[in-house]
Amino acid sequence: MDVTTRIALIPGDGAGPEVMAEAEPLLDWARDRGRRLDVVRLPFGAEHFLATGETLPETAFAELRDGADAILFGAVGDPRVPDGRHAEAILLRLRRELDLVVNFRPCQPLPGTGTEGLHLEVFRENTEGAYCLQGSTEPGRAVDLAVHTEVAVRRLLEAAFTRAEERGCPLTLAHKANVLKHGHGLWMRVFQDLRGAFPQVPARGMHADALLCALVQDPAPFGVIAADNYLGDLISDLTAAFAGGMGTAPSLSWAPHRPFRCAALAEPVHGSAPDIAGKNLANPVGMILSTALLFRHLGWEPEARAVEQAVAAAMCDGAKTHDLGGSLGTAAMGWAIRERLP
Ligand code: ATP
């Protein structure tokens, strides 16, 4: 049996390749520690699209789906492709067609951020809702549909309940069922149903607007927050702010029911950051912590923990990029973390 783990790298656009350059050596480090892994690097992104007209060709998609175990992703988005067509065809397609329903966005503030001790985790549905890309623009009228299916909602909420049970912490569902009666009504029904299956989890629904206000006032009482695609996107950018900002937040998406060999994708919460791309200003911590989440998903707990501890140690010692008030560039920050690995 082939026990070699295959990881596909898609650095993408803007700051994506810069932060990926600081995560890639972690794969070599894991290999040096005895993990068997193959790495394949894929060129898809704006540059490739503008040069060839290709976004994510069918053969490459099939190879990723059936030939890789996981994807490490940088970011997509480029001002030269203003409608973001290539980003939809690459990242949104991978999330949707690999059935990566669960997007896990933890917020555990790092030393020196002033919010140490907080432990929030957002579980965001990742394949549908308002990001289903169905709608139309007519003269004087525009429509964006939000599609919610019971299968995806149940998978996401089961993952969130399971995690809250594991941590022994409360679960809050963010919703607007008072106005989005159909879609969020379905979320509420599934949520009520699962409360019965997880009686020991203190679980409540909260209107998303009130939840945002409560989070800003005092995030400490929250543990796991579950939300649909759109609300989860917004809430997790707010929780990223508690941990120091966009540059530090990691994420991992996975398919709980594992329909394909490729069942996980790790990527930072931030996008391609075109305003700072190419200037050695991007913080690689979000990308590096996403790599740690991927290691944990692969069952490589010692490596995951070592990377997280190296990030914390570097920051404790004052290593910081500009977004956190420090002076290190992307590569220097990556090095400051790697030199603290065992
Ligand atoms: P997306 O919709 O793809 O998530 P976005 O429009 O939310 O993208 P980002 O690319 O995430 O935008 O950038 C938002 C802000 O955060 C920008 O000011 C950007 O410079 C900053 N930012 C993003 N990533 C980083 C990073 N790695 N280090 C420092 N600042 C970052």
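Residues numbered from 1 in each chain as written. Predicted model: local features only at pLDDT ≥ 70, side-chain atom pairs only at ≥ 80, totals over all residues. Heavy atoms only, no water.

Caption draft 1: Spotlight on the overall build of the chain. Counting its secondary structure elements, the chain contains 11 helices and 12 strands. Based on the C-alpha atoms only, the size of the chain along its principal axes is roughly 50 × 50 × 45 Å. Expressed as a percentage of the 342 residues in the chain, the buried residues total 53%. Across the chain, every contact between residues at least 6 apart in sequence was considered, and the portion connecting residues at least 24 apart equals 73%. Within the chain, one finds 32 positive and 43 negative side-chain charges whose respective centroids are separated by 3 Å. (Helix = DSSP H or I, 4+ residues; strand = E, 2+ residues; numbered from the N terminus. Buried < 20%, exposed > 50% of the residue type's maximum accessible area, 1.4 Å probe, protein only. Contact = heavy atoms within 4.5 Å. Lys, Arg positive; Asp, Glu negative; His and termini not counted. Charge placed at Lys NZ, Arg CZ, Asp CG, Glu CD.)

Caption draft 2: Just the side chain of Glu303, in detail. Within the fold, Glu303 resides in helix H10 (residues 301-316). Side chain to side chain, Glu303 and Arg35 meet in a polar contact 3.0 Å long. When sequence neighbours within four positions are dropped, the list of residues in contact with Glu303 reads Trp29, Ala30, Arg33, Arg35 and Phe295. (Polar contact = N/O pair within 3.5 Å; in protein donor to acceptor, adjacent residues only side chain to side chain.)

Caption draft 3: Up close: the environment of His184. If you trace the backbone, His184 turns up in helix H6 (residues 183-197). Under the relative-accessibility criterion, His184 is labelled buried at 2%. Note: C-alpha distance between His184 and Leu194 (10 residues apart in sequence) is 15 Å. Among all residues touching His184, those that are not within four sequence positions of it are His148, His175, Lys176, Ala177, Asp228 and Leu231. Polar contacts involving the side chain of His184 include one to the side chain of Asp228, which spans 2.8 Å.

Caption draft 4: How the structure looks around the sheet that holds strand S3 (residues 70-75). Across the sheet, 10 strands lie side by side as S2-S1-S3-S12-S11-S4-S5-S10-S8-S9; this open sheet has mixed pairing. Looking along the sheet, the strands with just one partner apiece sit at the ends: strand S2 (37-41) and strand S9 (203-207). Taking each pair of neighbouring strands and ignoring which way they run, the sheet shows an average axis angle of 20°. Note that strand S8 (residues 171-175) and S9 share 5 bridges and pair parallel. Counterpart to Leu173 in the pairing with S9 is Gly205. Sitting on the sheet, H6 is in contact with strand S5 (120-125), S8, S9 and strand S10 (224-227), with an inclination near 165° to S8. The strands that helix H8 (residues 229-242) touches are strand S4 (102-107), S5, S8 and S10; relative to S5, the one it contacts most, it runs at about 160°. (Pairing = 2+ DSSP bridges. Axes fitted to C-alpha atoms, helices over the stretch in contact; angles between N-to-C directions.)

Caption draft 5: Molecular detail of the site of the ligand. What surrounds the ligand is the set Met246, Gly247, His270, Gly271, Ser272, Ala273, Asp275, Ile276, Ala282, Asn283 and Asp323. Between the ligand and Asp275 there is a distance of 2.9 Å, counted from an oxygen atom to a side-chain nitrogen or oxygen. In the environment of the ligand, a nitrogen atom lies 2.8 Å from a nitrogen or oxygen atom belonging to the backbone of Asn283. Alone, the ligand offers 620 Å² of accessible surface; in the complex the protein occludes 61% of this. In terms of residue class, the shell around the ligand is built from 4 nonpolar, 5 polar and 2 charged. (Near = heavy atom within 4 Å. Areas by Shrake-Rupley, 256 points an atom, 1.4 Å probe, with all protein chains shown as cover. Nonpolar A, V, L, I, M, F, W, Y, C, P; charged D, E, K, R; others polar.)

Caption draft 6: Summary view of the pattern of salt bridges. Under the counting rule described, the total for this entry stands at 28 salt bridges. Between Arg85 and Asp83 there is a salt bridge, with its nearest N and O atoms 3.2 Å apart. Judged by relative accessible area, Arg85 falls into the partly exposed class, the value being 47%. Asp83 gets classed as partly exposed once you look at its relative accessible area, which sits at 48%. For Arg163, the salt bridge identified is with Glu166, shortest N-O distance 2.9 Å. Here the residue Arg163 and the residue Glu166 both occupy positions in helix H5 (residues 150-167), the gap between them amounting to 3 residues, near one helical turn. Exposure remark for Arg163: the relative accessible area of 22% places this residue in the partly exposed category. (Salt bridge = Lys/Arg side-chain N within 4 Å of Asp/Glu carboxyl O.)

Caption draft 7: Layout of H8. Here H8 contains 14 residues, and its C-alpha end-to-end distance of 20 Å stays within 8% of the 20 Å for a straight helix at 1.5 Å per residue. Of all the positions in H8, only Asn229, Leu231, Gly232, Ile235, Ser236, Thr239, Ala240 and Phe242 are classed as buried. Among the structural elements, S4, S5, S8, H6, helix H7 (208-217) and S10 are those in contact with the buried residues of H8. Where H8 begins, the side chain of Asp228 points an oxygen toward the backbone nitrogen of Tyr230, at a separation of 3.3 Å. Within two residues after H8, Gly244 carries a phi angle of roughly 120°, on the positive side. (Expected span 1.5 Å × (residues − 1).)

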